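Geometric and topological summary
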Amino acid sequence: MNIERPIYLQKLKDRMHDGMIKIITGLRRSGKSYLLFELFRKYLLDSGVSADHIIGLELDMRSNAKYRDPDVLLSYLGEKMNADGMYYILLDEVQMLKDFVSVLNELLHCRNADVYVTGSNSKFLSTDIATEFRGRGNQVRIHPLSFSEYCSVFQGTRDEAWQEYFTYGGLPQILSMKSDEQKAEYLRELFETTYLKDIKDRNKIRREAEMNVLLDILASAAGSLTNPLKLSNTFQSKRGVPFSERIVARYCKYLENAFLINKSVRYDIKGKAYIDTPFKYYFEDVGLRNARLNFRQQDENHIMENIVYNELLYRGFSVDVGVVEIREKQPDGKMTRKQLEVDFVANSGSRRYYIQSAFSMSTPEKEAQEKRPFLRFNDSFKKIVLVRENIKIRRDENGIVTMGLPDFLLDGNSLEL
């Protein structure tokens with residue numbers, strides 16, 4: 001199955017010959033190897049690069065086990081790079097290479113080598129890259145399939161694609177599976193035997209039962225405001241035993257570093273300042289979130305919000321939760337402070353969008369409720385309400401755009417419409 005991933009391919013093209021190691025990271029099984037060895041390799045060949053100037057090694061394969069020795073690998077590369085011109089070195093699962101940091105640093109000194117690697121599991125996470133390759137590595141973060149990527153190869157109607165996507169998520173392997181049972185079992189097993197095992201091994205977690213309960217709480221409350229204290233209290237109410245907020249915060253960070261969840265902090269739109277707590281967690285893949293809950297609690301409204309958040313990350317935005325503080329007069333005449341929420345404040349360079357994920361606005365009251373935060377601050381950035389149904393894009397007298405979810409997800413330029 002050929003799935004085009006143009007956004008990530010373009011990122012690799014943009015980083016060619018920049019004198020740095022190109023490091024493709026992200027959730028395991030999200031398509032890192034496919035991007036490097038299929039899509040990028042094809043691009044190089046189509047661009048006129050000779051096949052003998054592309055040196056690729058998949059280090060997780062048993063047949064390539066000898067190249068996990070640094071000296072053997074460097075000797076092999078030296079023998080291959082025996083002619084003029086630029087060589088493109090593609091290394092998959094580079095964390096399996098012993099002392100991979102020193103090897104990659106040595107390759108940086110090869111003037112005729114452009115180096116691309118993928119890395120995953122407990123030995124190679126985003127924090128490692130920030131520490132070990134500061135100023136020498138260029139990270140490309142890959143996500144599971146966006147809805148538009150998913151639809152590009154899905155065999156069925158758009159509505160059928162949506163039902164599958166919000167249930168089983170965007171891990172590419174899902175598209176090759178026929179039955180619901182097979183998809184559900186794949187996600188459950190992947191969660192337990194791959195993701196959790198990596199996290200536990202890397203961080204030497206002994207309180208496995210507590211980690212499992214915390215994951216269930218996070219999955220149930222994805223997209224809800226929370227903090228370590230609230231999660232700790234919820235844990236104690238469920239289990240009847242204490243679980244300190246300090247350990248909760250540490251375990252949540254482990255899950256973030258492993259790309260399972262993403263944290264979105266609150267931003268005071270009028271005060272132009274970040275608010276430390278509470279914040280929100282979203283799952284990197286909604287299928288994994290659903291599998292964690294055994295496909296219960298499939299509220300389409302909340303899953304849609306998680307998918308919109310993931311789509312914004314996929315498009316390269318940093319995403320915050322917007323807060324608008326207002327003062328209102330109560331029936332007794334007293335003034336009280338109140339905070340209204342904007343689901344997403346999406347930023348990329350000088351661009352910003354305010355977005356509400358509303359699911360539906362079936363009554364005038366519901367529409368007023370969703371648009372209310374937008375009317376309490378005034379700047380030049382676009383304000384958008386997303387609804388689940390397929391509607392024509394419309395703009396009201398206040399400049400607020402209402403857009404259907406299909407238009408937003410399937411048109412990469414939808415925020416400019």
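Sequence order as written defines the numbering, with residues in each chain counted from 1. Since the coordinates come from a predicted model, pLDDT governs what is reported: local features require at least 70, and pairs of side-chain atoms require 80 or more to be given and counted, while whole-chain, interface and lining totals use all residues. Working from all heavy atoms in the structure, the side-chain values ignore hydrogens and water.

1. Digging into the overall build of the protein chain
Only DSSP runs of H or I reaching four residues or more are called helices, and only runs of E reaching two or more are called strands; each is numbered from the N terminus. Within the protein chain, the regular secondary structure consists of 15 helices and 14 strands. Between the two quantities, the radius of gyration covers C-alpha atoms and the globule rule is 2.2 Å times the number of residues to the power 0.38. Against the compact-globule benchmark of 22 Å for 417 residues, the protein chain has a radius of gyration of 23 Å, which places it among compact chains. Each of the three principal axes of the protein chain carries a C-alpha extent, and together these read 85 × 50 × 45 Å. The buried label goes to any residue with under 20% of its type's maximum accessible area, the exposed label to any with over 50%, and the partly exposed label to all in between, with areas taken from a 1.4 Å probe on protein chains only. Considering the protein chain as a whole, with its 417 residues, one finds that 53% of them fall into the buried category. Of the contacts made within the protein chain by residues no fewer than 6 positions apart, 67% connect residues no fewer than 24 positions apart. Areas reported here follow the Shrake-Rupley algorithm with a probe of radius 1.4 Å; residue values treat only the protein chains shown as occluding. Accessible area of the protein chain: about 19500 Å², with a carbon and sulfur share of 46%. None of His or the chain ends enter the tally, which takes Lys and Arg as positive and Asp and Glu as negative. For this purpose, a charge sits on NZ of Lys, CZ of Arg, CG of Asp or CD of Glu. The centroid of the 62 positive side-chain charges in the protein chain is displaced by 5 Å from the centroid of its 59 negative side-chain charges. Between two residues, a contact is recorded if the distance between any of their heavy atoms is within 4.5 Å.

2. Quick word on the packing of helix H1 (residues 6-14) against helix H2 (residues 32-46)
Packed helix pairs are specified by the crossing angle of their axes together with the interaxial distance, meaning the distance between the axes. Lines are fitted to the C-alpha atoms to define the axes, a helix being fitted only along its stretch in contact, and any angle between axes, read from their N-to-C directions, falls within 0 to 180 degrees. Where H1 meets H2, the closest approach of the two axes is 11 Å, and the angle between their N-to-C directions is 65°. The way H1 lies across H2 gives a crossing that is right-handed. Residues Tyr-8, Leu-9, Leu-12 and Lys-13 of H1 pack against Leu-35, Leu-39, Phe-40 and Tyr-43 of H2. Of the residues belonging to the contact of H1 with H2, the class tally is seven nonpolar, no polar and one charged. By convention the crossing between two helices is left-handed if the near helix lies anticlockwise of the far one by an angle smaller than a right angle, and right-handed if it lies clockwise. Gly is placed with the polar residues, together with every amino acid not listed as nonpolar (Ala, Val, Leu, Ile, Met, Phe, Trp, Tyr, Cys and Pro) or charged (Asp, Glu, Lys and Arg).

3. Quick look at the pairing of strand E12 (residues 382-387)
Summarising burial for E12: six of the six residues are buried, a large majority. Burial of E12 is two-sided: the residues Lys-382, Ile-384 and Leu-386 facing one way and the residues Lys-383, Val-385 and Val-387 facing the other way are all buried. Remark: the strand E11 (residues 351-359)/helix H14 (residues 364-371)/E12 crossover connection has right-handed handedness. Pairing between E12 and strand E14 (residues 401-404): four bridges, direction parallel. Residue pairing in the sheet places Leu-386 in a bridge with Met-403 of E14. Crossovers are marked right-handed if the path from the first strand over the helix to the second runs clockwise, as seen with the strands pointing away from the viewer. Pairing between two strands requires that DSSP report at least two bridges joining them.

4. A few points about the sheet that holds strand E4 (residues 113-118)
Taken in spatial order, the five strands make up an open sheet running E2-E3-E4-E1-E5, and their pairing is parallel. Sheet topology places strand E2 (54-58) and strand E5 (137-142) at the edges, where each strand pairs with a single neighbour. Geometrically, the sheet is characterised by an average inter-axis angle of 15° between neighbouring strands, direction not taken into account. For strand E1 (residues 21-26) and E5, the ladder comprises six bridges, and the chain directions are parallel. Note on E5: the bridge partner recorded for Ile-24 is Val-140. Along the sheet face, H1 touches E1, E4 and E5 and points at about 175° away from the line of E5. Strands E1, strand E3 (87-92) and E4 of the sheet are contacted by helix H4 (residues 100-107), whose axis makes an angle of about 155° with E4.

5. Focus: unusual backbone geometry
Residue Pro-278 is bonded to the preceding Thr-277 through a cis peptide linkage, with omega at -5°. In this structure, Asp-99 is a non-glycine residue whose phi angle is positive, near 55°. For Asp-99, the location among the structural elements is in the loop between E3 and H4. Overall, the relative accessible area of 52% leaves Asp-99 in the exposed class. With a phi angle near 55°, Asn-294 is a residue other than glycine that sits in the positive phi range. Relative to the elements of secondary structure, Asn-294 occurs in the loop between helix H12 (286-292) and helix H13 (300-314). Here Asn-294 falls in the partly exposed class, since its relative accessible area comes to 41%.

6. Some words on the nonpolar core
Here, the term nonpolar core denotes a set of buried Ala, Val, Leu, Ile, Met, Phe, Trp, Tyr and Cys residues that are joined through side-chain atoms within 4.5 Å. Membership of the largest hydrophobic core comes to 42 residues, with the highest contact counts inside it found for Leu-171, Leu-187 and Leu-218. Broken down by secondary-structure element, the contributors of at least two residues to this core are helix H8 (180-203), helix H9 (208-220), helix H10 (228-239), helix H11 (245-257), strand E8 (273-283) and H12. The dominant element in this core, judged by the number of residues it contributes, is H8, at eight residues. If we ignore the near neighbours within four places in the chain, the residues touching Leu-218 are Leu-231, Cys-252, Leu-255, Ile-261, Tyr-281 and Phe-283. Judged by nonpolar contacts, the second largest core, of 34 residues, contains Trp-162, Leu-313, Ile-355 and Leu-405.

7. Thoughts on the sheet that holds E14
Here we have nine strands laid out as an open sheet, ordered E6-E8-E7-E9-E10-E11-E12-E14-E13, and mixed in their pairing. In this open sheet, the two strands that pair with only one neighbour each are strand E6 (225-226) and strand E13 (394-395). Pairing analysis gives six bridges linking E11 to E12, with the strands arranged parallel. Within E12, the residue paired with Phe-359 across the bridge is Val-387.

8. Observations regarding the packing of H9 against H11
Their axes nearest at 11 Å, the elements H9 and H11 cross at an angle of 75°. Relative to H11, the element H9 lies roughly perpendicular. Listed contacts from H11 to Met-211, Leu-214, Leu-215 and Leu-218 of H9 are Val-248, Tyr-251, Cys-252 and Leu-255. By definition in this entry, angles of less than 35 degrees are roughly parallel, angles greater than 145 are roughly antiparallel, angles of 65 to 115 are roughly perpendicular, and the rest are oblique.

9. Observations concerning the packing of aromatic side chains
Note on ring pairs: Phe, Tyr and Trp rings are taken, using the six-membered ring of Trp, and paired if centres are within 6.5 Å. Classes follow the plane angle, with under 30 degrees stacked, over 60 edge-to-face and the rest tilted. Throughout the structure, instances matching the rule amount to 23 aromatic pairs. Taking the centre distance of 4.7 Å and the plane angle of 70° together, the rings of Tyr-354 and Phe-377 count as edge-to-face. On the criterion of sequence distance, the pair formed by Tyr-354 in strand E11 and Phe-377 in the loop between H14 and E12 is long-range, its members being 23 residues apart. Both residues of the pair, Tyr-354 and Phe-377, belong to the buried class.

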